[in-house]
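Architecture and fold: a report
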Amino acid sequence: MNVIRQLKVKNFIALFIAGIINAFGVTVFLAPVKLYDSGISGTSMLLAQVTPLSLSVFLVLLNVPLFLYGLKRQGAPFTIYAIFSVAVYSLFAWLITDVLPIDVSFASPLAGQDLLLCALFGGLISGTGSGLAIRFGGAMDGIEVMAVIFAKKLNVSVGTFVMAYNILLYILCGFVIHSWILPLYSIVTYMAAVKMVDTIVEGLDRAKSVYIVTKDYEPVCQALSETFEKGITVMNATGYFSGVNRKVVWIVLNRFQISRMRELVHQIDPTAYIAIYEVADLFRLESEQP
């Protein structure tokens, strides 16, 4: 019952849409010209080409055991959401290829046999589906779960694990089909999808975390507060070599405000040290006032 309470209807709706989007990108743009998606999806596409079983069957056969294997590490809600996402992806991949009156047997209905267009739009669309799945608590590919579980044991990052898997997959595809053109275009698909996933998960306008080390923190804080109307945090700091006490001003801005911030700070304190970092997510209690 506790697990059921954690599940949200809006997440299932979003994951349903994500599965449809992913299926559309893969079956309409990639599969018809034999380009390959990344991860388990790409592996399923390759296996569907060399065996009698369809893409939809392999999506379920390969992904579901991986999600179940990661149940303890990822938690029940994630596992349920992920399996639901893959089930919708598999269902609509089957509908598009075998039921609906859409000819995807030898060319994309929208991009023909133009490999670059198919690679770019297939990657962007499937990346949108994968990004939505991640944003709403699920996943579209079991390789991400395996990366979380095994990357640390192999002393590599999650991103490196996924990238290494995909490189090996594309090399294998090249040997199987005796051509490197399609695997190379598939890398374009992979890069477009990764960029789209980042955009969907982290937002179009990523926030910037700004740390300012200054001796004139009061006028700096006043100028920043009046200009941007943002919350500001002031921390004490001491130089390791100099032993000089300074204040560190911390503020979160968007990328359009960074240039103005630099101008304001350096007008007040030309010697101020400014460090800027990307912020992937910001969380604040609903009741908290800005």
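Rules and cut-offs
- Residues numbered from 1 in each chain as written.
- Predicted model: local features only at pLDDT ≥ 70, side-chain atom pairs only at ≥ 80, totals over all residues.
- Heavy atoms only, no water.
- Helix = DSSP H or I, 4+ residues; strand = E, 2+ residues; numbered from the N terminus.
- Buried < 20%, exposed > 50% of the residue type's maximum accessible area, 1.4 Å probe, protein only.
- Contact = heavy atoms within 4.5 Å.
- Patch = residues over 30% accessible without salt bridge, like charges linked within 9 Å, V, L, I, M, F, W, Y side chains within 5 Å.
- Areas by Shrake-Rupley, 256 points an atom, 1.4 Å probe, with all protein chains shown as cover.
- Salt bridge = Lys/Arg side-chain N within 4 Å of Asp/Glu carboxyl O.
- 1 Å grid on protein atoms, 1.4 Å probe; cavity = no way out; pocket = protein on both sides within 12 Å on 5 of 7 lines; lining within 4 Å.
- Points joined across faces, edges and corners; volume = space filled by probe spheres on them.
- Nonpolar A, V, L, I, M, F, W, Y, C, P; charged D, E, K, R; others polar.
- Pairing = 2+ DSSP bridges.
- Axes fitted to C-alpha atoms, helices over the stretch in contact; angles between N-to-C directions.
- UniProt positions renumbered as here; feature names shortened; annotations may be inferred.
- Left-handed = near helix turned anticlockwise from the far one by under 90°.

- Going by an unreviewed UniProt entry, the protein chain carries the name YitT family protein and comes from Candidatus Avoscillospira stercoripullorum.

Notes on the environment of valine 201
- Relative to the elements of secondary structure, valine 201 occurs in helix α10 (residues 181–202).
- Valine 201 sits in the partly exposed class, given a relative accessible area of 22%.
- Separated by 146 residues in the primary sequence, valine 201 and leucine 55 have C-alpha atoms spaced 26 Å apart.

What to know about the environment of serine 126
- By secondary structure assignment, the location of serine 126 is in helix α7 (residues 115–135).
- Take serine 126: its relative accessible area is 2%, and that puts it in the buried class.
- Remark: the alpha-carbon pair of serine 126 and alanine 275, spanning 149 residues in sequence, is separated by 35 Å.
- If we ignore the near neighbours within four places in the chain, the residues touching serine 126 are Asn22, Gly25, Val26, Asp37 and Ala193.

Structural notes on helix α8 (residues 143–150)
- By the burial criterion, the buried members of α8 are Ile143, Val145, Met146, Ala147 and Ile149.
- Against α3 (39–50), α4 (55–69), α5 (71–74), α6 (76–99) and α9 (158–177) lie the buried residues of α8.

Quick look at a nonpolar patch on the surface
- The grouping of Met163, Ile167, Leu168, Ile171, Phe175, Trp180, Leu184, Ile187 and Met191 at the surface amounts to a nonpolar patch, some 910 Å² of accessible area in total.
- When residues of the nonpolar patch are traced back to their parent elements, those giving at least two are α9 and α10.
- Broken down by element, the nonpolar patch gets its largest block of residues, five residues, from α9.
- In this fold, phenylalanine 175 is placed in helix α9.

Quick notes on the layout of surface pockets
- By volume, the largest pocket is sized at about 630 Å³.
- In terms of lining, the largest pocket is formed by 31 residues, of which the most central are Ile134, Glu144, Val162, Val194 and Val197.
- Listed by contribution, the elements that provide at least two residues to the lining of the largest pocket are α3, α6, α7, α8, α9 and α10.
- Top contributing element to the lining of the largest pocket by residue count: α10, with six residues.
- Of the residues contributing to the lining of the largest pocket, the split by class is 16 nonpolar, 11 polar and four charged.

Things to note about the sheet that holds strand β3 (residues 245–254)
- In space, the four strands of this open sheet follow the order β2-β3-β1-β4, with antiparallel pairing throughout. On the outer flanks of this sheet lie β2 (233–238) and β4 (273–279), each paired with one strand and no other. Adjacent strand axes in the sheet meet at a mean angle of 25 degrees when their direction is disregarded.
- Taken together, the eight bridges between strand β1 (residues 207–214) and β3 define a ladder with antiparallel strand orientation. Directly across from lysine 208, in β3, lies its bridge partner leucine 253.

With respect to the UniProt feature "transmembrane region" (unreviewed entry) in the protein chain
- As annotated in UniProt, the feature "transmembrane region" (unreviewed entry) corresponds to residues 12–33, 53–71, 78–96, 116–137 and 158–181 in the numbering used here.
- Its end C-alpha atoms 31 Å apart, residues 12–33 is made of 86% helix and 0% strand.
- Across residues 116–137, helical content stands at 91% and strand content at 0%; the span's end C-alpha atoms are separated by 32 Å.

Section: the pattern of salt bridges
- The tally for this structure, following the rule as stated, stands at four salt bridges.
- With a closest N to O distance of 2.8 Å, glutamate 278 and lysine 208 form a salt bridge. In this pair, glutamate 278 sits in strand β4 while lysine 208 sits in strand β1, placing the two residues 70 residues apart along the sequence.
- The closest approach of N and O atoms between lysine 215 and aspartate 269, which form a salt bridge, is 3.0 Å. Taken together, the residues lysine 215 in the loop between β1 and α11 (217–228) and aspartate 269 in the loop between α12 (258–268) and β4 connect sequence positions 54 residues apart.
- Accessibility expressed as a relative area gives 45% for lysine 215, which makes it partly exposed.
- A cluster of three or more residues bridged by salt bridges with shared partners is formed by Lys215, Asp216 and Asp269.

Quick word on the packing of α4 against α8
- Put simply, α4 and α8 touch, their axes get as near as 9 Å, and they point 35 degrees apart. Handedness of the α4/α8 crossing: left-handed. Side by side, α4 and α8 meet where Leu66, Phe67 and Tyr69 of the first sit next to Ile143, Val145, Met146, Ile149 and Phe150 of the second.
- Grouping the amino acids of the contact of α4 with α8 by side-chain chemistry returns eight nonpolar, no polar and no charged.

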